[in-house]
Amino acid sequence: LCSVLLITVTMSFSPGPSGPLGLTTIQEQRERWERKRSRTAKELVQTEQRYCQQLELVTTYFVEILKAKGTLKQDIRESIFSSIKAIHSVNQSLLVHLENGYFGRGFDQFCPQLHHYNTYVDNIYNASKVLRIQLKKNKAFRRFKELQEARPEFNNHKLEDLLRLPIQRIDQYKHFLQDLTANTSPDNPEFQQISRAVTAVCMVSQRIHKNTQCHENHLQLCRVQKLLKGRKTKVLAAVLQFYAEENDYYPLHTDTVMLVKPVLVVNRNVSFEYLGLWYIREGWLKMVPPKGADAKPKMFFLFSDMLLQAKRCSPLDPTNGDKFAGQHAYPLQDCTVEKVFGHTKSQGGLLSLTFPKAKLLLMSSNQEDLNDWYESLSSAIRYTHTQTHTHTHTPLLC
């Protein structure tokens, strides 16, 4: 993105037609760029002033006072507020440069301090969790928070909203800097400085996006875990046992592969997340038996490394009536998937999944659903093959 942007800008500032008319046109274009740059610069300064004021509310009325009062233990306080005090200090210095019109110099000094933002964005979900726990359990802190938020300076903003500001600000910086670069001549001394800032801020923005993906995956895995009958160790023991019977190991990424028996014996709290799984989708499909019996509906959960088959628990079960019982876990490492048509009377079709020691025929009467399953399975299988060859573990986007 940054390379494309720089090429576009350089081409935009290339000389145009010669002669009085051409010179006039170039001058008019430069004046338009300068007006756009001035508007962007003005908005950046104004929003930075407001941002620093809001950061100061957090550091003054929460971080410093909580430290002085001892309402929260140091580790809890640091878990909630992380590096926000350092961020406030760094942004105050940036604001001075911006107010004086030194945008290039300001961001040149600001970007090496972005590690404070990295620390903050990596902790944001943990901070939210710790804050919720303290508000639930710590009456003194809950009352303190209410009193501080009632101050007129807060303008009805909640602490939760203010703690999200550094995350939101990174995205704003990205757009401001891209606009500044697009409307700054490559001959301008600030062009290279602002261009470097675009690259640095984009990296933090990507980090935020990746963390968001990880958090959403965590929520999905927790949800699926709760849908399955029994304690998670029992469910996953069955999953791992299937891998043991089929492959003598569960075929995850090489940096997390362990023998099954030590995992089952030593780690009794293993979870889906521990296995490094990425949730993709779930849904009902009918299993076509090999000997011509009636197709039976089964619930399938598709992850990055495996397909989990489950059945609905009996509605008469007083504790598990709304849950599923895991039946089989099929590793995708050596799986192939094909579409099979012409075997259903209505719309839809069959998917044929072939594993080293098993074969599944899955039927759906919904053509769109069948296509979605085919694409998801194909993508997951390609991902598994990629991870096997590269020995890396990255989120599956599909």
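Position numbers for residues start from 1 in each chain and track the written sequence from start to end. Given that the model is predicted, a residue must reach a pLDDT of at least 70 before its local features are reported, and side-chain atom pairs must reach 80 or more before they are shown or counted; all residues, however, enter totals for whole chains, interfaces and linings. Neither water nor hydrogens contribute to the side-chain values; these are computed over all heavy atoms in the structure.

The protein chain is annotated in an unreviewed UniProt entry as Rho guanine nucleotide exchange factor 39 from Nibea albiflora.

## Some remarks on the overall build of the protein chain
Here a helix means four or more residues in a row that DSSP labels H or I, a strand means two or more in a row labelled E, and each is numbered from the N terminus. From N to C terminus, the protein chain includes 13 helices and seven strands. Remark: exposure states derive from per-residue accessible area (1.4 Å probe, protein chains only) relative to the maximum for the residue type, with buried under 20%, exposed over 50%, and partly exposed in between. Expressed as a percentage of its 398 residues, the buried residues of the protein chain come to 45%. Contacts are assigned to residue pairs with any non-hydrogen atoms lying within 4.5 Å of each other. The contacts in the protein chain between residues at least 6 apart in sequence include a share of 64% that link residues at least 24 apart. Surface accessibility follows the Shrake-Rupley procedure with a 1.4 Å probe radius. Residue values consider only the protein chains on display as shielding. Of the accessible surface of the protein chain, which amounts to about 21,600 Å², a share of 53% is contributed by carbon and sulfur atoms.

## Structural notes on the nonpolar core
What makes a nonpolar core is a set of buried Ala, Val, Leu, Ile, Met, Phe, Trp, Tyr and Cys residues whose side-chain atoms join them at distances within 4.5 Å. Ranked by internal contacts, the top residues of the largest apolar core, which has 53 residues, are Phe81, Phe107, Phe110, Leu114, Tyr117, Leu163 and Tyr173. Among residues more than four places away in sequence, those in contact with Leu163 are Val58, Ile80, Phe81, Ile84, Tyr120, Ile124 and Leu131. Of all hydrophobic cores here, the second largest spans 20 residues; its members include Met287, Phe300, Cys335 and Leu370.

## Looking at the environment of Thr386
Among the secondary structure elements, Thr386 is positioned in helix H13 (residues 367-390). Sequence spacing of Thr386 and Gln333 is 53 residues, and the spatial spacing of their C-alpha atoms is 9.8 Å.

## Examining a positive patch on the surface
Patch membership requires over 30% relative accessible area and the absence of a salt bridge. Like charges are linked within 9 Å, and nonpolar side chains (Val, Leu, Ile, Met, Phe, Trp, Tyr) within 5 Å. Every case where a carboxyl oxygen of Asp or Glu lies within 4 Å of a side-chain nitrogen of Lys or Arg is listed as a salt bridge. Charge assignment in this entry is limited to Lys and Arg as positive and Asp and Glu as negative, and neither His nor the chain termini are counted. Where a charge lies is defined by one atom per residue type, namely NZ (Lys), CZ (Arg), CG (Asp) and CD (Glu). The grouping of Arg32, Arg35, Lys36 and Arg39 at the surface amounts to a positive patch. In this structure, Arg32 sits in helix H2 (residues 20-69). Taking the relative accessible area as the measure of exposure, Arg32 reaches 34% and is therefore partly exposed.

## As for helix H9 (residues 165-182)
Here the expected span of a helix is defined as 1.5 Å times the quantity of residues minus one. Its 18 residues place the ends of H9 26 Å apart at the C-alpha level, agreeing with the 26 Å of an ideal helix rising 1.5 Å per residue. Leu165, Pro166, Ile167, Arg169, Ile170, Tyr173, Lys174, Phe176, Leu177, Gln178, Leu180 and Thr181 are the residues of H9 that are buried.

## Quick word on the sheet that holds strand S3 (residues 306-312)
Two strands pair under a simple rule: DSSP has to find at least two bridges between them. Reading across the sheet, the seven strands line up as S4-S3-S2-S1-S7-S6-S5 and stay open at both edges, with antiparallel pairing between neighbours. Of all strands in the sheet, those with a lone pairing partner are strand S4 (324-331) and strand S5 (336-340), marking the two edges. Ignoring which end each strand starts from, the neighbouring axes of this sheet average 35 degrees apart. As paired strands, strand S1 (residues 279-287) and strand S2 (residues 296-303) are joined by eight bridges and run antiparallel to one another. Counterpart to Arg281 in the pairing with S2 is Leu302. In this analysis an axis means a line fitted to C-alpha atoms, helices contributing only their contacting stretch, and an angle means the value between N-to-C directions, from 0 to 180 degrees.

## With respect to the pairing of strand S6 (residues 349-355)
Burial analysis of S6 places six of its seven residues in the buried class, which makes it a mostly covered element. One ladder, built from five bridges, connects S5 with S6; its direction is antiparallel. Looking across to S6, one finds that Lys339 is bridged to Leu351. Pairing geometry for S6 and strand S7 (residues 358-364), over seven bridges, is antiparallel. When the bridges of S7 are listed, Ser352 appears paired with Leu361.

## What about the layout of surface pockets?
Here a cavity is any set of points on a 1 Å grid over the protein atoms alone where a 1.4 Å probe fits but cannot get out, and a pocket is any open set with protein on both sides within 12 Å along at least 5 of 7 lines; a residue lines the site when it has an atom within 4 Å of a point. Grid points are joined across faces, edges and corners, and a volume is the space filled by probe spheres set on the points. Considered as a void within the structure, the largest pocket measures approximately 350 Å³ in volume. Contributing to the lining of the largest pocket are 14 residues, with Tyr125, Asn126, Lys129, His215 and His218 lying nearest its centre. For the lining of the largest pocket, the secondary-structure elements that each account for two or more residues are helix H6 (115-137) and helix H10 (190-227). Broken down by element, the lining of the largest pocket gets its largest block of residues, eight residues, from H6. Throughout, the ten residues Ala, Val, Leu, Ile, Met, Phe, Trp, Tyr, Cys and Pro are labelled nonpolar, Asp, Glu, Lys and Arg are labelled charged, and all others, Gly among them, are labelled polar. Looking at side-chain class alone, the lining of the largest pocket contains four nonpolar, six polar and four charged residues.

## Side note on the pattern of salt bridges
In this structure the tally under the stated criterion is 12 salt bridges. For Arg207, the salt bridge identified is with Asp122, shortest N-O distance 2.7 Å. Highlighted residues: Arg207 in helix H10 and Asp122 in helix H6, separated in sequence by 85 residues. Accessibility expressed as a relative area gives 34% for Arg207, which makes it partly exposed. According to the relative accessible area criterion, Asp122 is partly exposed, its value standing at 43%. What emerges from the salt-bridge pattern is a single network uniting Lys145, Glu149, Lys158 and Glu160.

## Some thoughts on unusual backbone geometry
A positive phi angle is found at Ser82, which is not glycine, with a value near 50 degrees. With respect to the helices and strands, the residue Ser82 is situated in the loop between helix H3 (74-81) and helix H4 (84-99). With a relative accessible area of 27%, Ser82 lands in the partly exposed category. Of note, the phi angle at Asn156 is positive, near 70 degrees, even though the residue is not glycine.

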